[in-house]
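These are the residues of each chain, in order.
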Amino acid sequence: MIEIIFNSIPSFWPEITMSLTFVVSMIVEFSIGRKEKSSTGMTTGLFVLAGFIITILQLPFQNPEPRLLFGTMYSVDPFAMFFKYLILATGIVIIVFSMQSAELRKQRAIGEFYSFIAAMTFGMMLMTGASHLLMIYLAIEVVSISSFILSGFSKSLHRSSEASLKYVLFGGAASGVMLYGMSLLYGLTGALDIFQIQAGLASGVFVPQEADFAVLMISIIMILVGFGYKISAVPFHFWTPDVYEGAPITVTAYLAVASKAAGFAIMIRFFYVTFFDSMVDIGKWVSLPHFEWNIVLAVLAVITMTLGNVVAVWQDNLKRMLAYSSIAHAGYILMGAVVMTDLGISAMLMYFVIYFFMNLGAFYVVMAVADRIGSEHIDDYRGLGKRAPIVSVGLSVFLVSLTGLPPLAGFIGKWMLFSAVVEANFIWLAIIGVINSAISLYYYARVFRNMYLREPLNGDTSPITFSPLVIVTTILFIVPNIIFGLYFGPLVSYAQHSVRIFLP
Amino acid sequence: MIPVHYYLILSAVMFITGVVGVLTRRNAIIIFMCIELMLNSVNLTFVAFSSYLGNEAGQMFVFFVMAVAAAEAAVGLAIVIALFRNKQTVNINEVNILKW
């Protein structure tokens, strides 16, 4: 037993570094007096940033061959590696954004903010590889609890504490439902690690019209509630717009990109391992031949993207509009999960990389503008095109990319997803996806119209000056949106290389 | 020896009570209690299956669920206090500046 642990540790260094970053920064924060805290926040931030960079540099040394660590608790494979790179890169960007955010600079205990970012990242890294129900639960809870704290970080702001209360109530209920599903699955298969669950499902004959089959359906739907809450799929999305609007904007961006990616990672791994049999036919849900699971996921994808896009049409707060747009994007990405072939999964992975650039860019511009004009309301964006040209061009590029128009990167992402769906004969799903992209153009176009075609509300046409740092960061996010729209070969081959999920 | 399905029925009743409470109650503290009830019904199911199947893994799971539930309750109550300081209420119907 003890040898298993010692043999696993060398492949576990990135995670250990991340947890040490959290623990050390937290202890340092505890030992600092209340008065000095405001001045040491930046130092803690730099310490956590260094922890992130060391972690990401250690990742290439994590064993590239798919294998299991700590018994069956944790898988290390190219699939998990891909998501770890994505999550750590997002974390680094978010820490740099947070250091620039005026909203967060006002907070007293800002050092603790960075500690919790490290804790949340640690949880998300575990989510990418968890292959045991206990590990899945613990990883999801580590992420949830630290994001409850982060979303309520502006304690004096009413909307921030309201957001985190809604988040904690919804998160607690969703994880309770998921756990009940897990306990039923344990009772049916007698196992907690997903490989043995797969074996149990494949050997046990679950026939429709029998009680066991009904219990199995209920348990898997309940587990799906837990995953759906993490990826904010409709109808488990109710927390999303409130939390995204109320939380500090860098936390919103982190939830929208990294937390969603980790949720998808754990969901893909769970379904891929438990329901598929690599020996038979990839793309068929072998373990449950009597039930069309991909239809359930397809319906989930359709309602998620439709509701996200339709409700976004009448949002006036840009942060909230981006929240609904991120719900809609979860719907698009779910289309890849419907297919679950190598093609579908690699399209999802690619979409995440592109989503990283376009969504973080959009959130960054909204943050920078809010720091200057003190508002995220769409009417305050009137005339921004003349007052702040570079930033406005940036926001336009990110929003066009989010819509999925050529020649920007978002088009390539959507095109890969749609072609994977069409390949699997879900043509109706692809058509609904295209219609949804058209709807999304409508509400993004409201932002363009306000920025370029309308005069400012109070007639204030004075130019807004941004610091060079903001301009450079915006341009740094514009460039990949254009490059990946034209030259996406390496991205495709990296995504295809990363599809390998550990199977025993 | 009490058959396993007695425990399962009890835990299902507890779970449904918790879910109904979460959906119908308006006081944030009571909603937390209902979530705890859901988690405890999960624990009962795990222990019942564990003894039925003769497999200790389920009992190990229960310890983790209890520890995480305690952490979640600590964070949740802290958030309720932060909200109460801003708004002087724990009724979630009055917590409504964010909607649609």
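Structural data are supplied above this passage.
Residues numbered from 1 in each chain as written. Chains lettered and ligands numbered in written order. Predicted model: local features only at pLDDT ≥ 70, side-chain atom pairs only at ≥ 80, totals over all residues. Heavy atoms only, no water.

Describe the overall build of chain A, naming the residues involved and giving the relevant values.
Counting its secondary structure elements, chain A contains 21 helices and two strands. Whereas a compact globule of 504 residues would reach a radius of gyration of roughly 23 Å, chain A reaches 22 Å, a difference of no more than 12%. Along the three orthogonal principal directions, the C-alpha set of chain A runs to about 70 × 55 × 40 Å. Out of the 504 residues in chain A, the part that is buried amounts to 65%. For chain A, contacts bridging at least 24 residues in sequence account for 81% of all contacts bridging at least 6. When the accessible area of chain A is evaluated, it comes to approximately 17100 Å², of which 70% is carbon and sulfur surface. Charge centroids of chain A, computed over 26 positive and 27 negative side chains, lie 11 Å from each other. (Helix = DSSP H or I, 4+ residues; strand = E, 2+ residues; numbered from the N terminus. Rg over C-alpha atoms; globule rule 2.2 N^0.38 Å. Buried < 20%, exposed > 50% of the residue type's maximum accessible area, 1.4 Å probe, protein only. Contact = heavy atoms within 4.5 Å. Areas by Shrake-Rupley, 256 points an atom, 1.4 Å probe, with all protein chains shown as cover. Lys, Arg positive; Asp, Glu negative; His and termini not counted. Charge placed at Lys NZ, Arg CZ, Asp CG, Glu CD.)

Describe the overall build of chain B, naming the residues involved and giving the relevant values.
Per the secondary structure count, chain B includes three helices and zero strands. Beginning at the N terminus, the succession of helices and strands in chain B can be written as α-α-α. Over its C-alpha atoms chain B spans a radius of gyration of 17 Å, topping by over 25% the 13 Å that the globule rule assigns to 100 residues. With the principal axes as the frame, chain B shows a C-alpha extent of 50 × 25 × 25 Å. Counting over 100 residues, chain B shows a buried share of 37%. Counting only contacts in chain B whose residues sit at least 6 apart along the sequence, the fraction spanning at least 24 positions is 55%.

Could you give an account of the packing of aromatic side chains, naming the residues involved and the relevant values?
Within the structure shown, the criterion is met by 31 aromatic pairs over all chains. Seen from their ring centres, A:Tyr180 and B:Phe15 are 4.2 Å apart, and the 15 degrees between their planes marks the pair as stacked. Of this pair, A:Tyr180 sits in helix 8 (residues 158-189) while B:Phe15 is found in helix 1 (residues 4-24), placing the two residues in two different chains. Under the relative-accessibility criterion, B:Phe15 is labelled buried at 6%. Judged by centre distance (6.5 Å) and plane angle (20 degrees), the ring pair of A:Tyr351 and A:Tyr355 falls under stacked. Here A:Tyr351 and its partner A:Tyr355 are both found in helix 15 (residues 342-373), four residues apart, which amounts to about one turn of the helix. Against the face of A:Phe466 rests A:Arg372, its NZ or CZ located 6.0 Å from the ring centre. (Phe/Tyr/Trp six-rings, centres within 6.5 Å; stacked < 30°, edge-to-face > 60°. Lys NZ or Arg CZ within 6 Å of the ring centre and 35° of its normal.)

Please provide a residue-by-residue account of the nonpolar core, values included.
Core analysis: the biggest nonpolar cluster contains 218 residues, and A:Phe52, A:Ile136, A:Met182, A:Phe227, A:Leu334 and B:Phe61 have the highest contact counts within it. In terms of residue count, helix 15 of chain A provides more of this core than any other element does, 22 residues in total. Every residue in contact with A:Phe52, bar those within four places of it in the chain, is listed here: A:Met18, A:Leu88, A:Gly91, A:Ile92, A:Ile95, A:Ile117, A:Ala118, A:Thr121 and A:Tyr254. (Core = buried A, V, L, I, M, F, W, Y, C linked by side-chain atoms within 4.5 Å.)

Any details on the interface of chain A and chain B? Residues and values, ideally.
Taken together, the contact pairs 44 residues of chain A with 43 residues of chain B. Carbon and sulfur atoms make up 78% of the surface buried where chain A meets chain B, a total of about 3700 Å² over both sides. Run the count over chain A and chain B and you get zero salt bridges. Of the residues forming the side of chain A that touches chain B, the biggest block, 22 residues, is contributed by helix 8 of chain A. Looking at the side of chain A that touches chain B residue by residue, the class counts come to 23 nonpolar, 13 polar and eight charged. (Buried area = accessible area lost by both parts, 1.4 Å probe. Salt bridge = Lys/Arg side-chain N within 4 Å of Asp/Glu carboxyl O. Nonpolar A, V, L, I, M, F, W, Y, C, P; charged D, E, K, R; others polar.)

Which residues make up helix 21 (residues 489-497) of chain A, and what values go with them?
Residues and elements named next belong to chain A. By the burial criterion, the buried members of helix 21 are Leu 491, Val 492 and Ala 495. Projected down its long axis, helix 21 shows its buried positions confined to an angular sector of 100 degrees, all on one face. Next to the buried residues of helix 21 lie helix 15, helix 18 (409-423) and helix 20 (468-486). (Arc of directions from axis to C-beta.)

Could you give me a rundown of the packing of helix 6 (residues 110-129) of chain A against helix 12 (residues 249-275) of chain A, with the residues and numbers involved?
Residues and elements named next belong to chain A. Contact geometry of helix 6 with helix 12 gives a least axis separation of 7 Å together with a crossing angle of 20 degrees. Between helix 6 and helix 12, the crossing angle belongs to the class labelled roughly parallel. Crossing handedness for the pair helix 6 and helix 12: left-handed. Here Phe 113, Ile 117, Met 120, Thr 121, Met 124, Met 127, Thr 128 and Gly 129 of helix 6 lie close against helix 12, whose contacting residues are Thr 250, Val 251, Tyr 254, Leu 255, Ala 258, Ser 259, Ala 262, Gly 263, Ala 265, Ile 266 and Arg 269. (Axes fitted to C-alpha atoms, helices over the stretch in contact; angles between N-to-C directions. Parallel < 35°, antiparallel > 145°, perpendicular 65-115°, else oblique. Left-handed = near helix turned anticlockwise from the far one by under 90°.)

Break down the packing of helix 14 (residues 318-339) of chain A against helix 15 of chain A for me, with residues and values.
Residues and elements named next belong to chain A. Where helix 14 meets helix 15, the axes come as close as 9 Å, and the angle between the chain directions of the two elements is 175 degrees. On the basis of the axis angle, helix 14 is roughly antiparallel to helix 15. Residues Leu 318, Leu 322, Ser 326, His 329, Tyr 332, Ile 333, Gly 336, Ala 337 and Val 339 of helix 14 lie in contact with helix 15, whose contacting residues are Gly 344, Met 348, Tyr 351, Phe 352, Tyr 355, Met 358, Ala 362, Phe 363 and Val 366.

Go over a nonpolar patch on the surface, please, and point to the residues and values.
All names here are of chain A. Among the surface-exposed residues, Ile 390, Ile 475, Val 479, Ile 482, Ile 483, Leu 486 and Tyr 487 lie close enough to one another that they form a single nonpolar patch of about 640 Å² accessible area. Looking at the nonpolar patch, the element that brings in the most residues is helix 20, giving five residues. Here Ile 475 is to be found in helix 20. With a relative accessible area of 38%, Ile 475 lands in the partly exposed category. (Patch = residues over 30% accessible without salt bridge, like charges linked within 9 Å, V, L, I, M, F, W, Y side chains within 5 Å.)

An account of the environment of A:Ala420 is requested, with residue identities and associated values reported.
The residue A:Ala420 is located in helix 18 in this model. Excluding its chain neighbours within four sequence positions, the residues that come into contact with A:Ala420 are A:Val339, A:Leu343, A:Gly344 and A:Ala347.

With reference to specific residues and values, describe the environment of A:Leu322.
Residues and elements named next belong to chain A. Among the structural elements, Leu 322 can be located in helix 14. The class of Leu 322 is buried, set by a relative accessible area of 2%. Taking the C-alpha atoms as reference points, Leu 322 and Glu 245, separated by 77 residues in sequence, lie 9.1 Å from one another. Leave out the neighbours within four places in its chain, and Leu 322 touches Ala 362, Phe 363, Val 366, Leu 399 and Leu 402.

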